[in-house]
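# Descriptive structure summary
So you can see what is in the structure, the chains are spelled out below.
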Amino acid sequence: MFSHPRIGQGLYGDTAWKLRFERPYELPVSPDAPLKEVGAVLAREAGLAGTAGAYRPAPDRISVYVHTFWTATQLSYDIPKKVLRAEDRAFRWDHFLTGLHARGGFQHDSVLNDAWAVVVDFVCVGFLIWIGSGLYMWWHVSRHRNWGWLALAAGVGAFAVVLGKL
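All residue numbers refer to position in the chain's written sequence, counted from 1. Since the coordinates come from a predicted model, pLDDT governs what is reported: local features require at least 70, and pairs of side-chain atoms require 80 or more to be given and counted, while whole-chain, interface and lining totals use all residues. Each side-chain value is derived from all of the structure's non-hydrogen atoms; neither hydrogens nor water enter the calculation.

Note on conventions: DSSP H or I runs of at least 4 residues are helices, E runs of at least 2 residues are strands, and numbering of each starts at the N terminus. Each helix and strand counted, the chain has five helices and five strands in total. Counting helices and strands in the order they occur from the N terminus, the chain gives α-β-α-β-β-β-β-α-α-α. Its C-alpha atoms give the chain a radius of gyration of 23 Å, more than 25% over the compact-globule value 15 Å for 166 residues. Each of the three principal axes of the chain carries a C-alpha extent, and together these read 75 × 35 × 30 Å. Residue contacts are defined here by distance: any two heavy atoms, one from each residue, within 4.5 Å place the two residues in contact. Considering only contacts in the chain between residues 6 or more positions apart, those separated by 24 or more positions represent 47%. Every radius of gyration here is taken over C-alpha atoms, with the globule rule written as 2.2 Å times N^0.38, N being the number of residues.

Structure representation (structure tokens):
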């Protein structure tokens, strides 16, 4: 889904945000206000639970992206017009899977997100065990050791090519 996002577009069409509400709202915000705190206030007062990230796309606007394990909502606060707008993103499997891939750590406010972080940790440990046990077995089967060196060299070469293309 990262490499071929057009597949998702073909399955789902346009990614439309659905308007949840647009209403008058007033919150005095100074230009140097801490965005994390402002974003938390906007999300709480909009009745949204989840992990919130805030940014300023323009000096007179604050955007807040609130996501849970399954949903995503964006808030937009127009400071001079004093309008708060909330839009929900329709669920799409491609967004869900790429969101899981990009999500990391235990800082999210959800048991499901923490469970996902544990699954990722177990998979990482499994990969390390897989690599270690493969090297151990290769080293102890001496009659095929030359093929192992060849495979190891090819793997290092392929990795170098991929890094070179980045």
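This part covers the pattern of salt bridges. A carboxyl oxygen of Asp or Glu within 4 Å of a side-chain nitrogen of Lys or Arg is what we treat as a salt bridge. The full count for this structure, using the stated rule, is five salt bridges. Between Lys82 and Glu26 there is a salt bridge, with its nearest N and O atoms 3.4 Å apart. Of this pair, Lys82 sits in the loop between β4 (72–78) and β5 (83–89) while Glu26 sits in the loop between β1 (17–24) and α2 (35–45), and the two are 56 residues apart along the sequence. The exposure class of Lys82 is partly exposed, given its relative accessible area of 37%. For the salt bridge of Asp78 with Arg61, the shortest nitrogen-to-oxygen distance reads 3.2 Å. Of the two residues, Asp78 sits in strand β4 while Arg61 sits in strand β3 (residues 61–67), which places them 17 residues apart along the sequence. Sharing partners across several salt bridges, the network here consists of Glu22, Arg85 and Glu87. The cut-offs for exposure are 20% and 50% of the maximum accessible area for each residue type, with area from a 1.4 Å probe on protein chains only; residues under the lower value are buried, those over the upper are exposed, and the others partly exposed.

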